[in-house]
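# Observations on the three-dimensional arrangement
Spelled out, the chains give:
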Amino acid sequence: MSALRAEGFEPVLCPLLEIEPIDDGPIDLDDYDWVIVTSANGAVELARRRAGKLPRIAAIGEATAEALSDHGLAADFVPSSASQESLVAELPRPVGRALFVGAAGARTLLADELPADFRAAYHTVELTPTPPAGDLVLLASASAARAWAKLGGGGPAVTIGPQTTAAARAAGLDVVDEAKTQDVSGLVDCAAVWRASSRS
């Protein structure tokens, strides 16, 4: 929100998702060479519930790495682009035995391609707020894009990356741009470009 205000926007927060931890006991890390997290929520659950010897940690992007750091853990590897595809392609080989800690219903690319065991650590629950009025919507995940569409939310949309773009378009949303970097700065930069072009 502060980054948008710094660019002269008047942001309106519209929570679309709620995170519910799956409290099914400790996340046992013994005998793994890597543990992989693809979201800040996964990082929080890993830090909260880890048990056994901590292996090397792979984080999908800088925001996830920061969430790990906030909870006393350091990412040993962050790919050049915040996507499962980049993580699979760039994770040092041989991978050995890996564990992917993520959301129930998460994409299975990591688990299938590395391969990696999968541990669902939380659920993503869609909320049903009344969509606020606005000139542009910023969508930071595929789940958020689907939830926004279900609410009947419209208007031009900027997405955080390819998976969010695909989900938004599949749901019938008007995607006008995709962030060049898959983080808040990338979204804000796209919003600024859209504003400049809409005024010209």
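As shown above, the structure is provided for reference.
Okay, so let's go over this structure.

Each value, and the rule that gives it
For every chain, the first residue of the written sequence is number 1, and numbering continues from 1 onward in sequence order. Only residues with pLDDT of at least 70 are given local features in this predicted model, and only at 80 or more are side-chain atom pairs given and counted; all residues enter the totals for whole chains, interfaces and linings. The basis for the side-chain values is all heavy atoms of the structure; hydrogens and waters are excluded. The numbering of helices and of strands both runs from the N terminus, where a helix is a DSSP run of H or I of at least 4 residues and a strand a run of E of at least 2. Throughout, the radius of gyration refers to the C-alpha atoms, and the reference size of a globule is 2.2 Å times the residue count to the power 0.38. Working definition: with a 1.4 Å probe on protein chains only, accessible area under 20% of the residue-type maximum means buried, over 50% means exposed, and in between means partly exposed. Here the Shrake-Rupley method, with its probe set to 1.4 Å, supplies the accessible areas, and only the displayed protein chains count as covering residues. For the charge count, each Lys or Arg is scored as positive and each Asp or Glu as negative, with His and the chain ends excluded. We put the charge of a Lys on NZ, of an Arg on CZ, of an Asp on CG and of a Glu on CD. Any two residues having at least one pair of non-hydrogen atoms within 4.5 Å are treated as being in contact. Angles shown run from 0 to 180 degrees and are taken between the N-to-C directions of axes, each axis being a line fitted to C-alpha atoms and, for helices, limited to the stretch in contact. Roughly parallel covers angles under 35 degrees, roughly antiparallel covers those over 145, roughly perpendicular covers 65 to 115, and oblique covers all other angles. It is the rotation of the near helix from the far one that decides the hand of a crossing: anticlockwise by less than a right angle makes it left-handed, clockwise makes it right-handed. Residues belong to a common nonpolar core when they are buried Ala, Val, Leu, Ile, Met, Phe, Trp, Tyr or Cys residues joined through side-chain atoms within 4.5 Å. Paired strands, as defined in this entry, are two strands with at least two bridges between them according to DSSP. Any two of the Phe, Tyr and Trp rings considered here, Trp counted by its six-membered ring, make a pair once their centres fall within 6.5 Å; the pair's planes then place it as stacked at under 30 degrees, edge-to-face at over 60, or tilted in between. Geometrically, a charge over a ring is one whose NZ (Lys) or CZ (Arg) sits within 6 Å of the ring centre while staying within 35 degrees of the ring normal.

Before going further, it helps to examine the overall build of the protein. Per the secondary structure count, the protein includes eight helices and 10 strands. Over its C-alpha atoms the protein spans a radius of gyration of 18 Å, differing by no more than 12% from the 16 Å that the globule rule assigns to 200 residues. Along the first, second and third principal axes, the C-alpha set of the protein runs to 55 × 30 × 30 Å. Across the 200 residues of the protein, 40% fall into the buried class. If you sum the accessible surface of the protein, you get close to 10,300 Å²; carbon and sulfur atoms cover 50% of it. Mean positive and mean negative side-chain charge positions of the protein (16 and 27 charges, respectively) differ by 0 Å.

On to the side chain of Glu-45. Note that Glu-45 resides in helix α2 (residues 40-49). With near-sequence residues (within four places) excluded, Glu-45 lies in contact with Pro-21, Ile-27, Arg-50, Ala-121 and Tyr-122.

Moving on: the packing of helix α6 (residues 142-150) against helix α7 (residues 162-170). Between α6 and α7, the least distance of the axes is 8 Å, while the angle of their chain directions is 20°. Considering the angle they form, α6 stands roughly parallel to α7. Seen from above, α6 lies across α7 with right-handed handedness. Only Gln-163, Thr-164, Ala-167 and Ala-168 of α7 make contact with α6, whose side of the interface consists of Ala-142, Ala-145 and Arg-146.

One recurring pattern in soluble globular proteins: nonpolar side chains tend to sit buried together. Judged by nonpolar contacts, the single largest core of 19 residues is most densely connected at Val-35, Leu-46, Leu-68, Leu-99 and Val-101. Counting only elements with at least two residues in this core, the list comes to β3 (34-37), α2, β5 (56-59), α3 (62-70), β6 (98-103) and β7 (117-126). If near-sequence neighbours (up to four positions away) are discounted, Leu-46 is found in contact with Ile-27, Leu-29, Val-35, Val-37, Leu-68 and Leu-73.

Turning our attention to the sheet that holds strand β8 (residues 137-139). The parallel open sheet is built from three strands, whose spatial order is β8-β9-β10. Looking at which strands have only one partner, the edges of the open sheet turn out to be β8 and β10 (174-178). Put simply, the sheet's adjacent strands are angled 35° from each other on average, direction ignored. The pairing of β8 with strand β9 (residues 156-159) spans three bridges and is parallel. Note that in β9 the partner of Leu-138 across the bridge is Val-158. Sheet strands in contact with α7 are β8, β9 and β10, and its direction is about 170° off that of β10.

Moving on, we get to the packing of aromatic side chains. Two aromatic rings are characterised by how far apart their centres lie and by the angle between their planes. Counted by the stated rule, this structure contains two aromatic pairs. Taking 6.4 Å as the distance between ring centres and 80° as the angle between the ring planes, the aromatic pair formed by Trp-34 and Phe-77 counts as edge-to-face. Here Trp-34 is found in strand β3, whereas its partner Phe-77 is found in the loop between α3 and α4 (84-90), with 43 residues between them in sequence. One Lys or Arg, Arg-97, reaches over the ring of Tyr-32 and ends 4.1 Å from the middle of that ring. Above the plane of the ring of Phe-9 lies Arg-195, whose end atom (NZ or CZ) is 4.0 Å from the centre.

A few words on α6. Helical geometry: 3.6 residues make up each α-helical turn, so side chains three or four residues apart lie on a common side. Every buried residue of α6 is listed here: Ala-142, Ala-144, Ala-145, Ala-147 and Trp-148. Lining the buried residues of α6 we find β1 (17-21), β7, β8 and α7. Immediately beyond the C-terminal end of α6, within one or two residues, lies Gly-152, with a positive phi of roughly 85°.

For the rest of this paragraph, the subject is the sheet that holds β5. Spatial strand order, β1-β7-β6-β3-β5: five strands in an open sheet with mixed pairing. Two strands bound the open sheet, and with one partner strand each, they are β1 and β5. Averaged over all pairs of adjacent strands, the angle between their axes in this sheet comes to 25°, without regard to strand direction. Two strands pair when backbone bridges link them, and β1 and β7 are joined in this way by five bridges, in the antiparallel orientation.

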